[in-house]
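Structure assessment
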Amino acid sequence: MNLSYFIAKRISFKRTGGFTGTIHRIAVASVAIGIAISLISFMILGGFQNEISNKVFAFTGHFQVMRFMSGNAFEESPTSKKSDFFRDYSGQDYIVHVQSFAHKPGLLKGDNEVEGVLMKGVGPEFDTLAFKNSIKKGRFIQFSDSSASNEVMLSTKIANKLLLDVGDRVTMYFVQEPPRFRRLEIVGLYETLLENFDDKIIIGDIQTIRNLNAWTDDQVGGFEVFVKDSKKLEEYIDPLYEVLDYNLKLVKVKDKYMEIFDWLHLLNNNVYIFLGLILFVAAFNMVSILFILIMERTQMIGILKALGARNSQIRRIFVWNGIRIIGRGMLIGNTLALGFGWLQDKFRLIPLDPENYYMSFVPIFWNWPVFIILNAMVLLVTSLVLFLPAMVISNIQPIKSIRFD
């Protein structure tokens with residue numbers, strides 16, 4: 001058996017009491033708290049990024065394809081479903097889904113209030129499954145083959161402002177020449193908690209916008225493109241440009257809603273700084289604790305040297321002891337973090353203010369590769385710093401240390 005490891009086990013806190021046991025427990029607790037806080041931070045960060053990104057992408061797609069235009073920023077110039085892009089996109093294996101859309105501004109009139117809104121017209125190909133989590137009441141609109149549907153979905157925020165609910169009928173006045181209006185039936189309420197959508201957008205039938213703009217049945221405002229992997233958007237830009245018609249442009253949704261994704265990026269930076277501080281504190285604690293253990297075991301070191309033990313053998317005793325402390329702390333820390341993550345993910349115990357955080361609860365995202373890398377990083381950094389205090393063992397003289405009190 002390895003002598004250094006054997007002695008390290010004998011002086012561990014399971015086999016000793018008093019001051020040594022207390023020091024070991026403090027060391028384990030510091031490592032456990034550090035790894036638990038780090039893991040929880042990454043789970044919450046990943047949850048925020050995943051939840052908010054999915055809400056945006058479900059509403060807009062990963063990319064939008066539309067015609068170059070000037071003038072009214074709220075409306076698009078019409079493009080056709082007969083375009084080469086729409087006819088040929090199914091041959092691109094990285095494209096999962098494409099759906100058409102169009103926008104039309106107007107005034108929505110309730111019984112007592114009027115609100116400026118933007119109708120987003122969608123067609124039967126709209127991905128209702130991705131949007132399902134945002135539906136808070138009622139149902140999604142239904143489409144008719146023969147005519148435009150008069151059904152619409154409002155955000156809960158717009159509905160509350162106008163004192164409306166599912167089943168109510170409203171009038172929407174459209175800004176055009178000459179002005180026109182439509183009587184609409186509210187069949188559902190949605191909620192994303194994102195101001196860009198909830199403050200101004202209602203969802204209706206794209207055929208209504210075609211009729212108002214005098215478009216043909218194949219004309220749309222643009223196409224929303226969903227790709228396989230939202231983390232590889234940059235890689236898809238060049239292939240998408242290759243299949244676009246000359247009169248169409250590509251808009252990355254992350255650029256269109258830059259303020260949202262910049263905020264998520266800033267959260268990334270905060271967590272990395274926090275992780276650096278945690279690693280520094282954990283490393284500093286391990287160095288300090290190992291110094292204390294070496295001082296307490298000075299007599300043992302002197303006796304081992306007198307019996308012929310080499311400095312490297314004695315150093316390995318304390319390194320092994322430190323690694324056992326780190327391993328125990330990491331085990332407890334991972335258990336605490338994963339337990340908290342499971343409870344929060346299942347029961348949503350910790351609420352949030354949706355006005356400030358875009359969601360009503362603390363989200364959790366299970367990113368196992370990041371968890372493994374984080375554990376490996378903590379183990380590597382704290383294990384390496386163990387060799388620093390162990391170097392002082394070379395300066396301990398047997399005669400003085402045996403008499404050390």
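Before reading on, note that the structure itself is shown above.
Cut-offs and rules
Residues numbered from 1 in each chain as written. Predicted model: local features only at pLDDT ≥ 70, side-chain atom pairs only at ≥ 80, totals over all residues. Heavy atoms only, no water. Buried < 20%, exposed > 50% of the residue type's maximum accessible area, 1.4 Å probe, protein only. Helix = DSSP H or I, 4+ residues; strand = E, 2+ residues; numbered from the N terminus. Contact = heavy atoms within 4.5 Å. Polar contact = N/O pair within 3.5 Å; in protein donor to acceptor, adjacent residues only side chain to side chain. Core = buried A, V, L, I, M, F, W, Y, C linked by side-chain atoms within 4.5 Å. Patch = residues over 30% accessible without salt bridge, like charges linked within 9 Å, V, L, I, M, F, W, Y side chains within 5 Å. Areas by Shrake-Rupley, 256 points an atom, 1.4 Å probe, with all protein chains shown as cover. Salt bridge = Lys/Arg side-chain N within 4 Å of Asp/Glu carboxyl O. 1 Å grid on protein atoms, 1.4 Å probe; cavity = no way out; pocket = protein on both sides within 12 Å on 5 of 7 lines; lining within 4 Å. Points joined across faces, edges and corners; volume = space filled by probe spheres on them. Nonpolar A, V, L, I, M, F, W, Y, C, P; charged D, E, K, R; others polar. Phe/Tyr/Trp six-rings, centres within 6.5 Å; stacked < 30°, edge-to-face > 60°.

Our next topic: helix α11 (residues 298-306). Within α11, the full set of buried residues consists of T298, M300, I301, G302, L304 and K305. Following α11 by one or two positions, G308 has its phi on the positive side, about 105°.

This next bit is on the environment of I317. Following the sequence through the fold, I317 ends up in helix α12 (residues 311-347). Put simply, I317 and V96 are 221 residues apart on the chain and 57 Å apart in space, counted from C-alpha to C-alpha. Not counting residues up to four positions away in its chain, the partners in contact with I317 are S4, I7, A8, I11 and L304.

A few words now on the side chain of S41. Position of S41 among the secondary structure elements: in helix α2 (residues 18-60). Residue classification places S41 among the buried positions, given a relative accessible area of 15%. Here I37 takes part through its backbone oxygen, which lies 2.7 Å from a polar atom of the side chain of S41. Setting aside anything within four residues of it in sequence, one finds S41 in contact with V271 and F274.

All right, on to the nonpolar core then. F63, F85, L108, L154, V225 and L240 are the most contacted members of the largest nonpolar core, which totals 67 residues. Setting aside chain neighbours within four positions, we find F63 in contact with F223, E224, V225, V227, L233, Y236, I237, L240, L250, V251, K252 and V253. M286, I289, L293 and V319 belong to the second largest nonpolar core, which has 26 residues in total.

Let's shift gears to a nonpolar patch on the surface. On the surface, W342, L343, F347, L349 and I350 cluster together into a nonpolar patch covering about 500 Å² of accessible area. Note on L343: relative accessible area 35%, which makes it partly exposed.

Next up on the list: the pattern of salt bridges. Counted by the stated rule, this structure contains 9 salt bridges. Measuring nitrogen to oxygen at the nearest pair gives 4.0 Å for the salt bridge that ties E125 to K81. Placement of E125 in the loop between β4 (114-122) and α4 (128-131) and of K81 in the loop between β2 (79-80) and α3 (84-88) is noted, with a sequence separation of 44 residues between them. Assessed through its relative accessible area of 24%, K81 is described here as partly exposed.

A few words on the layout of surface pockets. Approximately 670 Å³ is the volume attributed to the largest pocket. Residue assignment for the lining of the largest pocket shows that the elements contributing at least two residues are α2, α9 (253-256) and α10 (258-296). Broken down by element, the lining of the largest pocket gets its largest block of residues, 8 residues, from α2. Its residues placed into classes, the lining of the largest pocket shows 9 nonpolar, 9 polar and 4 charged. For the second largest pocket, the calculated volume is near 480 Å³. Along the wall of the second largest pocket there are 19 residues; nearest its centre are E51, N54, K55, N133 and S134. A per-class count over the lining of the second largest pocket returns 7 nonpolar, 6 polar and 6 charged.

The next subject is the packing of aromatic side chains. For the structure shown, the criterion picks out 23 aromatic pairs. With a centroid separation of 5.7 Å and 65° between ring planes, the pair formed by F59 and F131 is classed as edge-to-face. Residue F59 is located in helix α2, and its partner F131 is located in helix α4; the two are separated by 72 residues in the primary sequence. Here F59 and F131 have matching classes, each one buried. Note on F126 and F140: the rings are 5.1 Å apart at their centroids and 5° apart in plane angle, and the pair reads as stacked. Remark: F140 occurs in the loop between β5 (135-138) and β6 (151-155) and F126 occurs in the loop between β4 and α4; sequence separation between them is 14 residues. Of the two residues, F126 and F140, neither departs from the other in class, the shared state being buried. Members of the aromatic cluster, each reached through a chain of ring pairs, are F59, F126, F131, F140, Y190, F197 and Y257.

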